[in-house]
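Now for the letters of each chain:
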Amino acid sequence: MPIIVFASSKGGAGKTTAAIILASELARHNTNVTLIDADPNQHSAKWAQKDGCPMNIKLIEKSTEETIIDDIDSAQEKTAFVLVDLEGTASMAVASAISRADLVITLCQGSQDDADEAAKTIKLVNRQAKVLNRLIPFAVLMTRTNPAITPRTLKHIMKEFRDAGIDIFEASLIDREAFRAIRSFGGTVNDLDPKQVSGIDKAIANAHALAIEVIERIKGIKRKRDQNHD
Ligand SMILES: Nc1ncnc2c1ncn2[C@@H]1O[C@H](COP(=O)(O)OP(=O)(O)OP(=O)(O)O)[C@@H](O)[C@H]1O
Ligand SMILES: [Mg+2]
């Protein structure tokens, strides 16, 4: 079953938020998901242990460089999706998780530093692909974007990625209070109280668009793999 790895060598890029949003959206559609937290800071584990975490999200906490491959392999046998949240650095655990990935999602906010770090992560993915002599699909997910405008810097960064042949998600994760709020209150964006948090509907639609695109990408990756085996 698909293994999706959230990686970026930059701390605070948005890995945990994206992993939680995707896990929640898949779970909402009755899909069993394993969420592996391999970041020593255990941010996604903290969210998953709060009230309101969907029942069909199974958490594997405290995954380390010694356990991560076994954690991924056993999760893959048990649930329809495996999502791996990593620490914001290049480590043995990060390289191991990438080596098992069906799709690596690299997070990037609209700054040059983020873009440079995303490029580093992509180089690591390519190195792992060479070591294993297999394709490791990856794509950049722009995050904390502005719903109203696309600033020039962001346009420039996206053009640089495209010129380098780097795949970018059509969907981006908008900077929304609802995505911050679930980290504090627990649960999913669908459970938030509209009296307390604004823009919930838009956050729900954004989470849905992300999940649909991830599923389509996974289908495309599988199709290509099957064609290559024919
Ligand atoms: N789309 C978003 N809208 C609003 N806030 C966001 C969004 N994405 C991330 N954030 C906020 O930005 C901060 C960093 O995000 P997050 O924890 O997801 O990054 P990370 O890559 O997992 O960081 P680390 O490397 O430290 O684990 C958090 O406070 C989070 O709430
Ligand atoms: Mg994190």
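Residues numbered from 1 in each chain as written. Chains lettered and ligands numbered in written order. Predicted model: local features only at pLDDT ≥ 70, side-chain atom pairs only at ≥ 80, totals over all residues. Heavy atoms only, no water.

In the annotation of an unreviewed UniProt entry, the entry for the chain reads ParA family protein, and the organism field reads Nitrosomonas supralitoralis.

S.K.: Help me understand the packing of aromatic side chains, please; the structure alone is not making it clear to me.
M.R.: Ring pairs (aromatic) are described by centroid distance and by the angle formed between their planes. Scanning the model with the defined rule gives 0 aromatic pairs in all. When the ring centre of Phe169 is taken as origin, the NZ or CZ atom of Arg217, which lies over that ring, is 4.4 Å away. (Phe/Tyr/Trp six-rings, centres within 6.5 Å; stacked < 30°, edge-to-face > 60°. Lys NZ or Arg CZ within 6 Å of the ring centre and 35° of its normal.)

S.K.: Got a minute to help me understand the nonpolar core in this structure?
M.R.: As a rule of thumb, soluble globular proteins bury nonpolar side chains together. Among the nonpolar cores identified, the biggest contains 41 residues, and Ile4, Phe6 and Ile105 are the most heavily contacted of them. Ala75, Val84, Ile98 and Ala115 belong to the second largest nonpolar core, which has 34 residues in total. (Core = buried A, V, L, I, M, F, W, Y, C linked by side-chain atoms within 4.5 Å. Buried < 20%, exposed > 50% of the residue type's maximum accessible area, 1.4 Å probe, protein only.)

S.K.: So what exactly am I meant to see when it comes to the pattern of salt bridges here?
M.R.: Side chains carrying opposite charge are able to pair once their charged atoms draw close together. Following the criterion strictly, the structure yields 13 salt bridges and no others. The partner of Arg217 in a salt bridge is Asp167, and the shortest N-O contact between them spans 2.7 Å. Of this pair, Arg217 sits in helix 8 (residues 200-229) while Asp167 sits in the loop between helix 6 (152-163) and strand 7 (173-174), and the two are 50 residues apart along the sequence. The class of Asp167 is partly exposed, set by a relative accessible area of 36%. Sharing partners across several salt bridges, the network here consists of Arg144, Asp175, Glu177 and Arg180. (Salt bridge = Lys/Arg side-chain N within 4 Å of Asp/Glu carboxyl O. Helix = DSSP H or I, 4+ residues; strand = E, 2+ residues; numbered from the N terminus.)

S.K.: When you look at the pairing of strand 1 (residues 3-7) in this model, what are you seeing that I'm missing?
M.R.: When a strand is regular, its side chains alternate between the sheet's two faces. Strand 1 sits mainly inside the fold: 5 of its 5 residues count as buried. Residues of strand 1 alternate between two faces, with Ile3, Val5 and Ala7 on one and Ile4 and Phe6 on the opposite face, all of them buried. Bridge analysis of strand 1 against strand 4 (residues 81-85) gives 4 bridges, and the strand direction is parallel. Within strand 4, the residue paired with Ile3 across the bridge is Val82. In the sheet, strand 1 pairs with strand 5 (residues 103-108) via 4 bridges, with the strands oriented parallel. Bridge assignment links Phe6 to a residue of strand 5, and that residue is Ile105. (Pairing = 2+ DSSP bridges.)

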